[in-house]
Amino acid sequence: TEAIGLYNVGQSCCLNSLLQVFLMNIHFTGILRRIMIPRHAAQMRRNVPYQMLLLLEEMQHGKRKAVFPTALAHCLSAYRVKLFVQHDAAQLFLTLWNVIKMQMGKPELVEELSDLYTICVQEHLACQKCSVETKRNSSMLTLPLPVLDSNSHKLRTLENCLQYFFHPEELTDHNMCFCEQCGRKTPFLQSMRLVHLPKTLTIHLKRFCFENSAYIHKLSHYLPFPQDLDFSAVLTEDQCQADANEKAAWQYELFAVVAHSGSTSCGHYCAYIRSLTERKWYCFNDSEVCQVSWDDVKCTYGHPSLHWAETAYLLMYMKKQLQ
Amino acid sequence: MAQWQEVQSLANAHLEQVHQLYAGAALPMAVRQCLAAWIEDQNWRQAAEPLSSHARMLFHSLLALLGERLGSPGLGDEDFMLKHNLRKARRDLQAEFEECPERFANLVANLLQEERRILRLGQAGGQGGAAPAPSPAPESGREQQIQRRLAEFHAALQEVERAFRHLEDLQDAFDFCFKVHYVPGEDKTNDPQYARQLQALQAKLQTLDRQRREVLAQMQQLLGRSERLQEFLQQELGDWRERQQRACMGAPADTRLRPLETWFTELGQGLFQLLQLLRALGELWQKVTYERDPLKAETPLLEQRLKEQLTYLLRRAFVVEQQPSMPNPFKRPLVLRTASKFSARARLLVRLHDRNHHMEAKIHIDRDPPKIKGFRKFNILTSSSKTLLAGDSPQEGLVCDFQYLTLKEQKDSRSGKGSKGAGEGPLVVTEELHIITFTLAYAYCGLELELETSTLPFVIISNTNQLSSAWASILWFNMLSSDPSNPKEQQFFSAPPAAPWPRLAEVLSWQFESVAERGLAQEHLLMLAEKLFGSKPSPESTVSWPKFSKDGAAGFSFWAWLDGILGLLQEHLKPLWKDGLILGFVSRKQEKKLLKGKWTGTFLIRFSESVLGGVTCTWVEHPESGPPAFRAVVPYTAAELASLALPDIIRDYQLLVEENIPENPLRFLYPNTPRDEAFGPYYSQRQEETLTEQKRYLNRRLIRVSSRQANESWQTEEELVVATENLETLQLQPGGPGTQQVTSGNVGTLQPLSPGTGQVMVTSLGTLQPGGSGTLQVTSSSLGPLQPGGSGTLQVTSGSLGPVQPGGSGTLQGDAHVLEPPQPLQVGPGVPEMLLPEIGDLVLQLVPEGQGTLQVGPGDMGMMQGLPGGLGTLQHMGPGDQGTQRVGPGVVEQQLVLQLVPEGQGTLQVGPGGLGTLQVLPGRLGTLQLVAGDTGVLQPVPGAVEPLLVPEELPPELRDLDLLPGSPDMQELLQSLVNGPESGSRTLETLEPAELMPNIPEAMDGGLDPRLAGSAALLAPHDPFLPQSEDAAPAAVSSLFTTDFPPLHIDTNDFQ
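Residues numbered from 1 in each chain as written. Chains lettered and ligands numbered in written order. Predicted model: local features only at pLDDT ≥ 70, side-chain atom pairs only at ≥ 80, totals over all residues. Heavy atoms only, no water.

> Would you mind going over the overall build of chain A with me for this structure?
Along its length, chain A carries 11 helices and 18 strands. Here chain A has roughly 14,400 Å² of accessible surface; of this, 50% comes from carbon and sulfur atoms. (Helix = DSSP H or I, 4+ residues; strand = E, 2+ residues; numbered from the N terminus. Areas by Shrake-Rupley, 256 points an atom, 1.4 Å probe, with all protein chains shown as cover.)

Pasting the structure below:
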């Protein structure tokens, strides 16, 4: 199937990019095609998964260059996803995913959807005085990676960002926590360990910097990411809490890049997606779709002198099929 | 080729797909075929947009065209079926799509797209089936990719422009309808016609809004495309910068800017076109806007993004095409000298400018000088601004070419070099880096920018002798600077990093490549590394800046040494180095290893390690016994090579050894190329054939000669060869050993005051009057009287004449056919004289007090006439020799000794009152003729079997063969000649093989020179040229270590 564009129906470039990322993912569409179809027209209009399915059908069978996601956009506006409003792609991704999950209908599909996207981590908090340790399992949809370290130095690669993200942090001074055993506030070591990675892994590069609350600016510096990513090689033994089987499966290849151009106040999103069937890269700019190469995708690494150019914001990695 | 034609020429498998495509399609293939060209010319994709009037127009055009075709006479009766099909198709199409022409447009667009897909598959398959496409060279591959991207960019740009014009049409239509139908303020809600009109207006606005979004999406796409294209171009430009930097260091690199200029200009053109389009979009929304107008929201973003791109493109496109350089023989840029002219050129790769607007470029030196104590400040003396010239032809591009610039130091009394203060110590002049910045006020299409670009840092010197170390700085900087364009790098030498050896090796190799078109081989680099590190280098080995450019045990740094060699190459040895005849960098150890197994006379040329800019030859000699000896001549420097080129030196090089047989020890260039074969092409032209033409002048030729000094065992001493012209008297400077040469056609008097060599070449006349010891070589048909005050050697080659009138001791060496007509050589009083073999018919007259030895070579005849008071020895060398020794009448004191070697024949005639000794070696025949009153001794050497013929008329008391006469003089002479300590016994040992040699050609092939090897022991102990007995021992290798040699030629480090 050739990639089909989505018309911009009112500052919908962010939504369009994310929809493409969802709909080009055959694992997601495999779930979407099995949803319960609402009975009534009113329910249909309000059901996001159903509207997505309709859109998918239209894209695949219309043989058009692009289709209008108008109905879906209207449907979403009921869930506080407004048109003619600038959205943050990471935020919108979470909203969309939760709405889809909520309206999926069948519990087994909900579980499949969760499996497809959910990352499991274990948070550790250890008192540095009495070495009492508390663990907590939690799950997340994206890995929100900072692109600067604690000293505001630019991290050099995606791998560095990952390592930094899973790097233990000492909580001292006013960050100290109350230790039940010690009965007072003590310094703690906080760390995060990776337990499980889903089939579709979403990485969020935190390129918007809230240095002082009044002024948000974008970090457009160069940050390369690989096409193939082996998490077990990137993270140390201490940063993982997984068995060998799990870790052996942590082989990923890049599937999509949601890129942002412009500034925080006024910008544009486009998506670079590698078709899972044809294994070719496409660039989706609303209704405009063109085939590109990995070299083009690399241009979203960021650039020190081009602040308005496209920079990768969300990265979707797909787990490699084990032979 | 038109698409439909291409489709028809597809392979069957793919044609089948086309048939399937059209089998289910509403558009019959007959129609596609009939209107192929027209269908392909239309923009169906655009027409397929919802609510587009374009689709309806296209649909009706198609029906009309079909109608025309049906009515045309072109389709005759035979096409009845076709006509029928077309007519049916027209009817069907009309029925199906009349209501929804957009659907039809979409259908056709999809069909065309599918056709293209099948075509691609078919064509790719066709290629793949034939042969896998050879992967193109990476360079050309990148170029092709840029070309392809540029083409795609321009195609997309045209697409946007089309879309934009369509938008303009839609807006005009809407605007017109709006102004006509919309009447605000009036309540016409009840007017159904007005409501309909409003509805239509609303629909038109929807269309307009969609088209606006469409154009914006295309623009976004296009900007993404140009960003990516820009990235590729910048990468190419970065590569170019690196290449330029490497080229500055002497590396062979392609520094053409033409392709980059073309690409930058094309992209720039496209971006400026896009800027115009964006501005036009801005005008559109200023005419018609509405709530949530996408143009209003997004054009500012697009313009920002575009301007940023353009700015970046232009800033980067301003490059220093030619780094500052002043003319110098090495073509080394980035070293400037005050008050010397230099030039620099900058170029704007985006060749777009407004002809009516003159742009001015300026240059500044050290606009932002580093805060280093004592950093010198300079002024550019010549004009520092220039109008950017475009040139009339578009080929020339936008350049600002600053030629004839000069620099002058600002003298500031307060910040002199000597001023003390805190902070870093002042850098030496050659480590002070300066920068020239070009600025250009660029203005085009309403975009105004201040562009600037900086040169690579350069060094400013005030004296030419700083050039070498300045260049070292430039190399170091460009090799190691992490960010050469960062102005902070001007302080590079405050803390210069060390160079990794592999990187340094590469850069050093470039130096040789740029000077003499041949880089350094692995073996060279290994030698250099071992010199630097004392051992084999590891990939991690590094060289520090001081070690490279400052420290040096030999009194000069590694770089100074290397640059001296580069200078020598540049001036004198380019072709030899280029063609690989100079082995160059060879350690002593390696040199021995290479030469050890080679024939005697195998030599290699290497650079001296102890002399700045010196080159030397080392050859191997295999003595009969003991280890091979390696000999090297004192290095030649530019001063010597200026008078005589190295190939000519090698051709004519002569070694005067103790035996006084001059010869060229350089026979084979390592590994085994005969000398003349290797160096023949480089010899300078000989002028022998001009002998008859140039009656007025005799030919001359310079050669180099070494003589081996007695007290220096094997070490050869280089001597200066000087050309003389007509009867010139040359005087050698006292103290320096030298060679004077009289070349053909000249008459000269040589008066070496110190040990020297005089050479009289073909048809020249030379007189040697050495104050010290000297050698006079007389070659063919030349005449050379030898009048040594001290000791001297007269070498006479064929056809030459050499009377010797020595005041001191002298040697006369002669080749065959010398002295025609035979002319006596006179040996002066009190002077021992020696005549070497191969003299031919030679008569040696010994004048009173004179002492002479006459050695007669094979086939020669020699006569020694002893005048009263003279003392002489006649030595026979080989078979067939005949020697007569006559002692003049009344010479009572005369003592004559005739030595006969095997197969020699000799007569000893002792005149009245003379005294003679005949020594006969085994197998000899000797006659002792005694005139009355003479005393003669015939002394058979032990082992001689031949009977001695003793004339009957000899007085009986003189026939005693066992006892020598009681004369003490006689005793002494015999003692020294025959029984002398060491030399006496060796006379026999070494003579035997020596005589055998001439009959055994293999021995010659083996590289052994029989005369050299054998004659060493023939030397009379009196000869001042001869080593004293302790020095006569064969050269021991240990003597290589002699350190009392003034021009140290051997680095003792080599022997570790």
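> Hey, could you run me through the packing of aromatic side chains in this one?
All names here are of chain A. Tallied over the full model, the rule gives 40 aromatic pairs over all chains. Consider the rings of Phe93 and Tyr117, whose centres lie 6.1 Å apart with planes at 65 degrees: the pair is edge-to-face. Separated by 24 residues along the polypeptide, Phe93 in helix 6 (residues 89-102) and Tyr117 in helix 7 (residues 107-117) bring together distant segments of the chain. Comparing Phe93 with Tyr117 shows no difference in burial state: the two are buried. Look at Tyr222 and Tyr301: their rings are 5.6 Å apart centre to centre, the planes differ by 80 degrees, and that puts the pair in the edge-to-face class. (Phe/Tyr/Trp six-rings, centres within 6.5 Å; stacked < 30°, edge-to-face > 60°. Buried < 20%, exposed > 50% of the residue type's maximum accessible area, 1.4 Å probe, protein only.)

> Before we go on, may I ask you to explain the interface of chain A and chain B in this structure?
Accessible area lost upon the coming together of the parts serves often as the stated size of an interface. Of the residues lining the interface, 37 residues belong to chain A; the matching set on chain B comes to 34 residues. Connecting chain A to chain B are 4 salt bridges. When the shortest N-O distance is used, the salt bridge between Glu214 of chain B and Lys65 of chain A registers 2.4 Å. Inspection of the region where chain A meets chain B yields 17 residue pairs in polar contact (both at pLDDT 80 or more). Those elements that provide at least two residues to the side of chain A that touches chain B are strand 14 (251-262), strand 15 (267-274), strand 16 (281-285), strand 17 (288-292) and helix 11 (294-298) of chain A. Looking at the side of chain A that touches chain B element by element, the count peaks at 4 residues for strand 17 of chain A. Taken together, the residues of the side of chain A that touches chain B break down into 14 nonpolar, 14 polar and 9 charged. (Contact = heavy atoms within 4.5 Å. Salt bridge = Lys/Arg side-chain N within 4 Å of Asp/Glu carboxyl O. Polar contact = N/O pair within 3.5 Å; in protein donor to acceptor, adjacent residues only side chain to side chain. Nonpolar A, V, L, I, M, F, W, Y, C, P; charged D, E, K, R; others polar.)

> Quick question: what am I supposed to make of helix 8 (residues 158-165) of chain A here?
Residues and elements named next belong to chain A. Those residues of helix 8 that sit buried are Leu158, Cys161, Leu162 and Phe165. Angularly, the buried residues of helix 8 cover 100 degrees about the axis, an arc narrow enough to put them on a single face. Residues of helix 8 that are buried in the fold lie against strand 5 (142-146), strand 9 (188-196), strand 10 (200-206), strand 13 (228-230), helix 9 (231-234) and strand 18 (311-319). (Arc of directions from axis to C-beta.)

> Got a minute to help me understand the environment of Pro623 of chain B in this structure?
Considering the arrangement of structural elements, one finds Pro623 of chain B in the loop between strand 15 (615-621) and strand 16 (629-632). For Pro623 of chain B, the residues in contact, after removing those within four places along its chain, are Pro628 and Ala629 of chain B.

> Would you explain the side chain of Gln3 of chain B in this entry?
Here Gln3 of chain B is to be found in helix 1 (residues 3-8). You can call Gln3 of chain B buried: its relative accessible area is 12%.

> Please explain the pattern of salt bridges as it appears in this structure.
Close approach of charged atoms allows side chains of opposite charge to pair. All chains considered together, the criterion is met by 42 salt bridges over all chains. The partner of Asp228 of chain A in a salt bridge is Lys320 of chain A, with the nearest N and O atoms 3.0 Å apart. Of the two residues, Asp228 of chain A sits in strand 13 while Lys320 of chain A sits in the segment after strand 18, which places them 92 residues apart along the sequence. Classification of Asp228 of chain A by relative accessible area gives partly exposed; the value is 45%. Residue Arg367 of chain B is joined to Glu452 of chain B by a salt bridge in which the shortest nitrogen-to-oxygen separation is 2.8 Å. Residue Arg367 of chain B is found in the loop between strand 4 (360-365) and strand 5 (378-380), and its partner Glu452 of chain B is found in strand 10 (residues 447-454); the two are separated by 85 residues along the sequence. In this structure, a network of salt bridges that share partners links the residues Arg258, Glu261, Glu321, Arg345, Arg347, Arg351 and Asp401 of chain B.

> When you look at unusual backbone geometry in this model, what are you seeing that I'm missing?
The backbone of Gln11 of chain A sits at a positive phi, close to 50 degrees, despite the residue not being glycine. For Gln11 of chain A, the position within the fold is in the loop between strand 1 (5-6) and helix 1 (13-23).

> Looking at this structure, I do not really get the environment of Met36 of chain A. What am I missing?
Residue and element names in this part refer to chain A. Checked against the element boundaries, Met36 lands in the loop between helix 2 (26-32) and helix 3 (41-46). Here Met36 falls in the partly exposed class, since its relative accessible area comes to 48%. Distance in space between the C-alpha atoms of Met36 and Pro49 is 9.2 Å, their sequence separation being 13 residues. The residues touching Met36, leaving out its near neighbours within four places in the chain, are Met104, Gly105 and Lys106.

> Even after reading the chapter, I still don't get a positive patch on the surface, so can you show me in this structure?
A cluster of basic residues, Lys536, Lys589, Lys593 and Lys596 of chain B, forms a positive patch at the surface. Mapped onto the secondary structure, Lys589 of chain B falls in helix 18 (residues 588-596). (Patch = residues over 30% accessible without salt bridge, like charges linked within 9 Å, V, L, I, M, F, W, Y side chains within 5 Å. Lys, Arg positive; Asp, Glu negative; His and termini not counted. Charge placed at Lys NZ, Arg CZ, Asp CG, Glu CD.)

> Honestly, the sheet that holds strand 16 of chain B in this entry has me stumped. Any pointers?
For sheets, the rule is that strands pair by backbone hydrogen bonds, running either parallel or antiparallel. Residue and element names in this part refer to chain B. A sheet is described by the order of its strands in space; here 5 strands give the open sequence 16-15-14-18-19, paired in mixed fashion. The strands lining the two open edges of the sheet, one partner per strand, are strand 16 and strand 19 (673-674). In terms of strand pairing, strand 18 (residues 668-669) meets strand 19 through 2 bridges, oriented antiparallel. Looking at strand 19, one finds that Phe668 is bridged to Pro674. Contacts between helix 17 (residues 558-578) and the sheet are confined to strand 14 (602-607) and strand 15, with strand 14 contributing the most and set at about 145 degrees to the helix. Against the sheet, helix 18 contacts strand 14, strand 15 and strand 16, and its axis sits at roughly 160 degrees relative to strand 14. (Pairing = 2+ DSSP bridges. Axes fitted to C-alpha atoms, helices over the stretch in contact; angles between N-to-C directions.)

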